[in-house]
Every structure is written in structure tokens, then in C-alpha cells.
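Coordinate analysis (summary)
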Amino acid sequence: RLTAIYGFTGSVSSVVLLDILNESLDANRSDLHIVHIDISSAMMPSSGWTPADNEVQHRALHDYVDNAYGGRWKIDIVKLEDLLEMKAEEVNLLISNLNADKTSQEDMLSYLVRSALIRYARLKNIHRVFTSESATSLSVKAIASCAKGRGFQMAEESALVEHMNDLDITWALPMKDNLVD
């Protein structure tokens, strides 16, 4: 029986992967836990993102996932700070302290989200995690890694499957060969 966590963002590649999973996974032999990590605590006040925007986004994610597949899937929206066991202000401060460098902020946020997905998987006692990172997003990540002097990580960061043996988790990027923006 396939049991997995799917980190759903609502992006085009995220929706495409959910469509693929819906078509290919046997409902009687698979359990897919769809989770959206709410990163609003990391948003800078200058971004203009408001609690009302957050509510609209959450409603849209629920409407899509809960209704688009005949009720097969349900989405769990979890705050980043809750999974990291931090206060929202601490997450915001951690990101905002990197204010001189937007690349560093995005890099830190991606690490925090990855940590949150791993924590969610461990809390649910699930050992597989899917994300919808496409070739486009992986290319950006590879260029950023090289620019930061971390080119040695490229193979690991863009692998189809990464086995995290110390955590007993398998991280999969099934969309890695698709050019989706």
C-alpha cells in the first residue's frame, strides 16, 4: 500500500502532479496526505500580503482539492511555524534578518518548508514525500546553488528520488523532467 505526503502549493506543476496522481493511484491501494505549508508568517510586511489574502488562498486551495476529484482528496493546511515549533514572529525575524539578500531569504524559506514537510511526515508516521518541483524550478535552484558556491549539492537536490536513511524518509520529485512554470 502506497502511503505518502504530497506538499501541495497550488502552482501549475502542483496541480498537474495531483492530476497525475489522481489518475495513476489506485484508490484502494494508496493513501495520499495532501498538505499545504502556510508560509504567511515568513512574509515581509512590505510584500503587501494580508490575512485576507491568506484566507482567500486557503479557501481556493480547499475548494480545488476537496472538490476537483470527487471528494477523493482532502487538503491539510498547516502553519509553517507550528511544524517548526516556533512563533510566527520568530519565523518572520529569521527571514527578515536576511533582508539584504532576497536569494538568501528564498533559500532559507525553502529549507524551512522542507523541514516542515519532513516534520509533518514524521508526525503522521509516513515515509514518502512528493513535491512538484519541475525542471524549471530545479534549474533555478541549481544556478542559485552554484552562485552560492554549493554546486556540489546539485546532484542531490535534483535527483528523482532522495533516500534520507537517517530519517527513514524517501523524498521524490516526480515532475523533475517537466518544464512547467
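Predicted model only: the values in this text are computed from it and were never measured.

**So, a nonpolar patch on the surface**
On the surface, V12, V16 and I20 cluster together into a nonpolar patch covering about 220 Å² of accessible area. Its place among the elements puts V16 in helix α1 (residues 12-24).

**Considering helix α4 (residues 88-96)**
Helical geometry: 3.6 residues make up each α-helical turn, so side chains three or four residues apart lie on a common side. Where α4 is concerned, the buried positions are V91, N92, I95 and S96. The arc that holds every buried residue of α4, seen down its axis, measures 125°, which confines them to one face. Against α3 (80-83) and α5 (102-123) lie the buried residues of α4.

**Some words on the nonpolar core**
Of all hydrophobic cores here, the largest spans 22 residues; its most connected members are I5, V35, I37 and L80. Of all elements in the fold, only β2 (30-38), α3, α4, α5 and β6 (169-172) reach the threshold of two or more residues within this core. Element by element, the count of residues in this core is highest for α5, at seven residues. Setting aside its immediate chain neighbours within four residues, V35 contacts I5, Y6, G7, F8, D76, V78, L117 and Y120.

**Points about unusual backbone geometry**
One non-glycine residue, E85, lies in positive phi territory at about 55°. Along the chain, E85 turns up in the loop between α3 and α4. A relative accessible area of 62% means that E85 is categorised as exposed.

**Comments concerning the side chain of D66**
Following the sequence through the fold, D66 ends up in helix α2 (residues 51-68). As a buried residue without a salt bridge, D66 has its nearest oppositely charged side chain in K74, at a separation of 4.6 Å. Among the polar contacts listed, one links the side chain of D66 to the backbone nitrogen of I75, at a separation of 3.3 Å.

**Notes on the environment of A121**
For A121, the location among the structural elements is in helix α5. Separated by 116 residues in the primary sequence, A121 and I5 have C-alpha atoms spaced 6.4 Å apart. Among all residues touching A121, those that are not within four sequence positions of it are I5, I126, V129 and I169.

**Structural notes on the environment of L93**
Position of L93 relative to the elements: it lies in helix α4. Measuring from C-alpha to C-alpha, the distance between L93 and M44 comes to 9.3 Å, with 49 residues separating the pair along the chain.

**Side note on the pairing of strand β3 (residues 75-79)**
Where β2 meets β3, five bridges bridge the pair, whose relative direction is parallel. From the neighbouring strand, D38 faces β3, where its bridge partner is K79.

**A closer look at the pattern of salt bridges**
Considering all chains together, one arrives at one salt bridge under this definition. In this structure, E85 and R119 form a salt bridge, with 2.5 Å as the shortest nitrogen-oxygen distance. Of this pair, E85 sits in the loop between α3 and α4 while R119 sits in helix α5; the two residues are 34 residues apart in sequence, bridging distant segments of the chain. With a relative accessible area of 32%, R119 lands in the partly exposed category.

**So, the packing of α4 against α5**
It is at 9 Å that the axes of α4 and α5 come closest, and there the two elements cross at 140°. Every residue of α5 that contacts α4 at L94, I95 and S96 is listed here: Q105, M108, L109 and L112. Here the residues of the contact of α4 with α5 sort into five nonpolar, two polar and no charged.

What counts, and where the lines are drawn
- Residues numbered from 1 in each chain as written.
- Predicted model: local features only at pLDDT ≥ 70, side-chain atom pairs only at ≥ 80, totals over all residues.
- Heavy atoms only, no water.
- Patch = residues over 30% accessible without salt bridge, like charges linked within 9 Å, V, L, I, M, F, W, Y side chains within 5 Å.
- Areas by Shrake-Rupley, 256 points an atom, 1.4 Å probe, with all protein chains shown as cover.
- Salt bridge = Lys/Arg side-chain N within 4 Å of Asp/Glu carboxyl O.
- Helix = DSSP H or I, 4+ residues; strand = E, 2+ residues; numbered from the N terminus.
- Buried < 20%, exposed > 50% of the residue type's maximum accessible area, 1.4 Å probe, protein only.
- Arc of directions from axis to C-beta.
- Contact = heavy atoms within 4.5 Å.
- Core = buried A, V, L, I, M, F, W, Y, C linked by side-chain atoms within 4.5 Å.
- Lys, Arg positive; Asp, Glu negative; His and termini not counted.
- Polar contact = N/O pair within 3.5 Å; in protein donor to acceptor, adjacent residues only side chain to side chain.
- Pairing = 2+ DSSP bridges.
- Axes fitted to C-alpha atoms, helices over the stretch in contact; angles between N-to-C directions.
- Nonpolar A, V, L, I, M, F, W, Y, C, P; charged D, E, K, R; others polar.

Keep in mind that these numbers describe shape and distance, not what the molecule does.
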